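# Breakdown of the fold
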Amino acid sequence: MSAAVKWFWFASPQTFFPLAGTIARACWIGAALLAVAGLTVGFFVAPTDAQQGEAYRIIFIHVPAAWMSMFLYVVMAFWAAIGLAFNTRLSSMMASAVAPTGALFTFIALWTGALWGRPTWGAYWVWDARLTSELILLFLYLGFMALQAAIDDPRRADRAGAVLAIVGVVNVPVIYYSVKWWNTLHQGASVSLTRAPSMASTMLTGMLLMALAFWLYSIAASLARVRCIIRERE
Amino acid sequence: MIAAARAIVRRDLLLALRRPGDVGTALLFFVIVASLFPLGIGAEPNLLRAVAPGVIWVAALLSSMLSLSRLFAADHADGTLEQMLLGAAPLGVVVAAKVLAHWLISGLPLVAIAPLIALQYDLPASLYGTLAVSLLLGTPVLSLIGAIGAALTLGLRGGGVLLALLVLPLYVPVLIMGAGGVDMAAAGLSPQGQLQLLAALLVVAAAFAPWAIAAALRISTE
Amino acid sequence: MLEASNLDCLRGGRTLFRGLSFSLQGGELLRIAGANGSGKTSLLKILCGLLTPDAGEVRWQGAPIRQLREDYSRHLVYLGHAPAVKDDLTAAENLTVACTLAGRKASPQDAQTALERYGLPADAVAVRRLSQGQRRRAALARLLLSADAPLWLLDEPFAALDAAAARFTEELIASHVAQGGAAIYTTHQDANIGAAVLRVVELG
């Protein structure tokens with residue numbers, strides 16, 4: 001019983017407000033430290049790739065950003081679903097807070113993908129399966145944000161966004177596999193940005209460090225945003 | 001329950017019959033969009049034959065989406081939507097009936113007109129069958145998914161464009177499977193895989209979308 | 001029969017009412033009074049289940065209406081502000097569809113009779129050609145076919161009606177209540193509905 005009470009204690013936006021601030025501060029610092037570590041590994045420690053030269057180093061940002069973009073969509077849908085099911089305001093606020101960060105990482109993944117593509121394959125955009133899926137994911141994020149922005153009543157905005165996010169999260173695997181199939185039909189395997197250089201363990205370490213850095217950044221940014229939303233609404 | 005569903009389908013069909021202009025406009029849009037592409041990309045026969053399935057599918061998709069914003073808006077404006085929400089039949093059933101009527105009015109005619117467009121693009125007649133089946137399976141899915149968007153954006157400013165933004169990413173799998181199936185047939189391969197996937201999408205959408213649409217309607221009318 | 005407990009309603013940032021409670025039994029008539037914008041329509045919608053109150057609940061024969069869904073709406077007739085008729089259909093077509101949706105059998109004969117009793121022309125003309133008052137009457141004709149619905153919820157039923165039609169409607173509501181049904185209506189006109197037990201909820 002006391003565990004349940006504790007859980008719902010923090011579900012109140014008022015009590016969560018100061019806690020969010022504390023956690024966010026810790027995460028900003030953690031994110032900065034991990035980012036420095038990750039970038040050092042990525043740009044200085046990891047060896048030069050035999051095929052792609054120095055340009056490949058951008059995957060240390062591209063891949064973790066892509067991971068985050070997909071992970072955050074699921075997180076957003078999760079919080080939105082909780083908010084819809086249990087009618088808790090804070091859960092819906094968290095979903096709305098996560099969305100812009102998710103969209104940001106999708107955007108970063110797309111740009112870094114393009115920057116990687118140019119020196120490697122000669123074109124900025126090659127309709128690679130993964131990048132195309134990322135593009136559609138960006139549209140899903142923007143759609144969620146646009147829908148919430150268009151609705152004045154906060155409760156309707158939360159609940160409508162939740163339905164959209166749930167429908168979206170169910171569709172993401174379908175979209176991913178259909179785009180993958182489409183890519184093989186029309187392009188063949190010749191052009192693929194997913195064929196990353198075979199992983200030296202330092203490369204993997206670098207990417208994991210960056211992924212963790214991005215994750216902590218996401219937590220910090222979302223919590224900061226949720227504090228703004230709380231202040232706005234209460 | 002069946003009586004209510006039948007009454008709604010009948011009612012919507014009757015309304016469409018009395019206002020044929022609305023239906024005609026959407027079909028005309030389909031034809032116009034499909035006619036724009038050759039003007040834009042040149043009329044080289046091989047090129048047109050290659051892009052035909054994709055163009056027809058995109059035009060069908062856009063045309064179907066155009067009529068979606070009207071799906072619930074008219075009923076919402078004159079108060080009949082409230083009566084549906086208070087009906088004796090579960091809202092999911094009522095909503096499914098509305099989507100069925102929408103498809104009969106805006107989706108099925110596209111299947112009938114598609115061969116004409118295919119003729120414009122000199123698509124080999126052997127592919128007409130696959131094209132028709134892909135549209136027959138795909139357009140109901142477009143109606144079902146689109147209705148979720150229509151319900152969510154009910155009464156919002158920026159309605160039509162916002163609806164497009166929400167719904168077009170979700171349309172991508174249907175587009176890929178539909179046009180892709182015809183492309184496979186054009187390449188001499190069997191389109192069975194794609195058509196079966198479309199059928200699966202239809203079954204899943206028919207089973208789950210009505211409840212999502214009902215939930216969205218309740219949210220939008222509160 | 002119907003019980004409202006502790007209803008709160010906030011719309012557009014304003015608190016329309018707080019902690020509203022009342023109950024309604026068969027044979028009772030409830031009038032919701034108040035100035036424009038005081039929340040009469042919102043209260044009526046909460047009572048039908050179209051709107052969720054910000055606090056409190058509505059119960060029908062002991063069970064919360066949120067859980068009952070169709071099992072509750074089957075027992076009521078709600079006529080809102082808008083006449084809820086399709087412009088392109090005739091009054092009779094509208095009536096039959098409305099009754100079928102509500103789960104009541106209504107043959108075209110019954111629809112015609114009901115419309116005639118309300119003084120509407122028998123010819124099949126699209127509703128868009130009718131006047132405001134005639135549209136209202138076409139919508140109200142549904143009450144004649146809803147004798148078995150115990151609860152009537154009417155939002156401004158007398159709006160746009162002439163004296164004769166208004167009197168007819170008053171008698172209709174009075175006899176429904178006399179036969180054991182319950183009715184809730186909003187109006188800011190002074191309506192005189194027979195000898196029924198009249199309770200008034202004043203908002204604002």
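Our structure is the block above this text.
The text that follows walks through the structure, step by step, so that each part is easy to find.

Cut-offs and rules
Residues numbered from 1 in each chain as written. Chains lettered and ligands numbered in written order. Predicted model: local features only at pLDDT ≥ 70, side-chain atom pairs only at ≥ 80, totals over all residues. Helix = DSSP H or I, 4+ residues; strand = E, 2+ residues; numbered from the N terminus. Buried ≥ 20, exposed ≤ 12 C-beta atoms within 10 Å, placed from the backbone. Contact = placed C-beta atoms within 7 Å. Pairing = 2+ DSSP bridges. Axes fitted to C-alpha atoms, helices over the stretch in contact; angles between N-to-C directions. Nonpolar A, V, L, I, M, F, W, Y, C, P; charged D, E, K, R; others polar. Core = buried A, V, L, I, M, F, W, Y, C linked by C-beta atoms within 7 Å. Parallel < 35°, antiparallel > 145°, perpendicular 65-115°, else oblique. Left-handed = near helix turned anticlockwise from the far one by under 90°. Bend = angle between axes of the 7 residues up to and from the residue. Right-handed = clockwise from strand over helix to strand, strands pointing away.

### Brief notes about the overall build of chain A
Tallying secondary structure elements over chain A gives seven helices and zero strands in all. Counting from the amino terminus, helix and strand elements in chain A follow one another as α-α-α-α-α-α-α. Buried residues in chain A amount to 43% of all 234 residues. Put simply, 81% of the contacts in chain A that link residues at least 6 apart link residues at least 24 apart.

### Thoughts on the sheet that holds strand β5 (residues 63-64) of chain C
Whenever strands of a sheet pair, they do so through backbone hydrogen bonds, lying parallel or antiparallel. Residues and elements named next belong to chain C. Spatial ordering of the open sheet is given by β2-β1-β4-β5, a layout of four strands whose pairing is antiparallel. If you trace the sheet from one side to the other, it starts and ends with β2 (14-24) and β5, each paired once. Pairing of strand β4 (residues 55-60) with β5 involves two bridges; the strand directions are antiparallel. Bridge pairing in β5 links R59 to P64. In this fold helix α1 (residues 40-48) packs onto β1 (2-11), β2 and β4, with an angle of close to 130° to the strand it touches most, β1.

### Re the interface of chain C and chain B
Bring the parts together and some accessible area is lost; that lost area is often taken as the interface size. With 22 residues of chain C in contact, the opposing surface of chain B contributes 22 residues. Where the side of chain C that touches chain B is concerned, the elements lending two or more residues are α3 (70-73) and α4 (91-101) of chain C. At four residues, the largest contribution of residues to the side of chain C that touches chain B is made by α4(C). For the side of chain C that touches chain B, the class distribution of residues is 13 nonpolar, five polar and four charged.

### Topic: the interface of chain B and chain A
Tallying the contact residues gives 22 residues for chain B and 23 residues for chain A. Elements supplying a minimum of two residues to the side of chain B that touches chain A: α7 (128-152), α8 (159-186) and α9 (192-221) of chain B. Examining the composition of the side of chain B that touches chain A, we find that 11 residues originate from one element, α8(B), more than from any other. Tallied by class, residues from the side of chain B that touches chain A come to 16 nonpolar, three polar and three charged.

### Points about the nonpolar core
Grouped together as the largest cluster of nonpolar side chains are 208 residues, with contacts concentrated most on M76(A), I56(B) and A216(B). The residues touching M76(A), leaving out its near neighbours within four places in the chain, are A95(A), V98(A), A99(A), G102(A) and A165(A).

### Focus: the environment of R66(C)
Take R66(C): it is sitting in helix α2 (residues 65-68). Residues R66(C) and L50(C), spaced 16 residues apart in sequence, show a C-alpha to C-alpha distance of 9.9 Å.

### Some words on the arrangement of the chains
Contacts are most numerous between chains A and B, considering all two pairs of chains that are in contact. One finds no contact linking chain A with chain C; the least C-alpha distance across the pair is 8 Å.

### A few points about the packing of helix α3 (residues 59-86) of chain A against helix α7 (residues 201-233) of chain A
Residue and element names in this part refer to chain A. Axis separation between α3 and α7 bottoms out at 9 Å; the angle between their running directions is 45°. Put simply, α3 runs oblique to α7. Crossing geometry of α3 relative to α7 is assigned as right-handed. Between α3 and α7, the residues in contact are F60, I61, V63, P64, A65, W67, M68 and L72 and G206, M207, M210, A211, F214, W215 and S218, respectively.

### Looking at unusual backbone geometry
All names here are of chain C. Even without glycine at this site, N6 takes up a positive phi of about 55°. Along the polypeptide, N6 turns up in strand β1. Given 12 C-beta atoms within 10 Å, N6 falls into the exposed group. The backbone of A160 sits at a positive phi, close to 65°, despite the residue not being glycine. A count of 15 C-beta atoms within 10 Å places A160 in the partly exposed class.

### Things to note about the pairing of β2(C)
Residues and elements named next belong to chain C. Pairing of β1 with β2 involves seven bridges; the strand directions are antiparallel. Looking at the pairing, A4 lines up with F22 of β2. The antiparallel pairing of β1 with β2 creates a hairpin that spans two residues between the two strands, and G12 there sits at a positive phi of about 55°.

### Here we look at helix α2 (residues 13-45) of chain A
Residue L19(A) marks the point of greatest curvature in α2(A), where the axis turns by about 25°. On the buried face of α2(A), the contacting elements are α3, α4 (89-121) and α7 of chain A.

### Some words on the environment of D155(C)
All names here are of chain C. Following the sequence through the fold, D155 ends up in strand β7 (residues 151-155). For the pair D155 and I184, spaced 29 residues apart in sequence, the C-alpha separation works out to 8.4 Å. The contact partners of D155, leaving out residues within four places of it in the chain, are T41, L44, L79, G80, H81 and T186.

### As for the pairing of strand β8 (residues 182-186) of chain C
Residue and element names in this part refer to chain C. Among the five residues in β8, five count as buried, and that is most of the element. By the alternation rule, side chains of β8 split into A182, I184 and T186 and A183 and Y185, which are all buried. In this structure, strand β3 (residues 28-33) lies alongside β8, joined through four bridges in parallel fashion. Within β8, the position partnered with L29 by the bridge is A183. Bridge count between β7 and β8: five bridges; the pairing is parallel. Each residue of the ladder has a partner; that of L154, found in β8, is Y185. Taking the sense of rotation as the criterion, the β-α-β connection linking β7, helix α7 (residues 163-178) and β8 turns out right-handed.

### Digging into the packing of helix α5 (residues 108-117) of chain C against helix α6 (residues 132-144) of chain C
Residues and elements named next belong to chain C. Remark: α5 packs on α6, axes separated minimally by 9 Å, with the N-to-C direction vectors making an angle of 115°. Pair α5 / α6 crosses with right-handed handedness. Note on element contacts: α6 touches α5 through A138, A141 and L144, opposite A114, L115 and R117. Each residue belonging to the contact of α5 with α6 can be placed in one class, and the counts come to five nonpolar, no polar and one charged.

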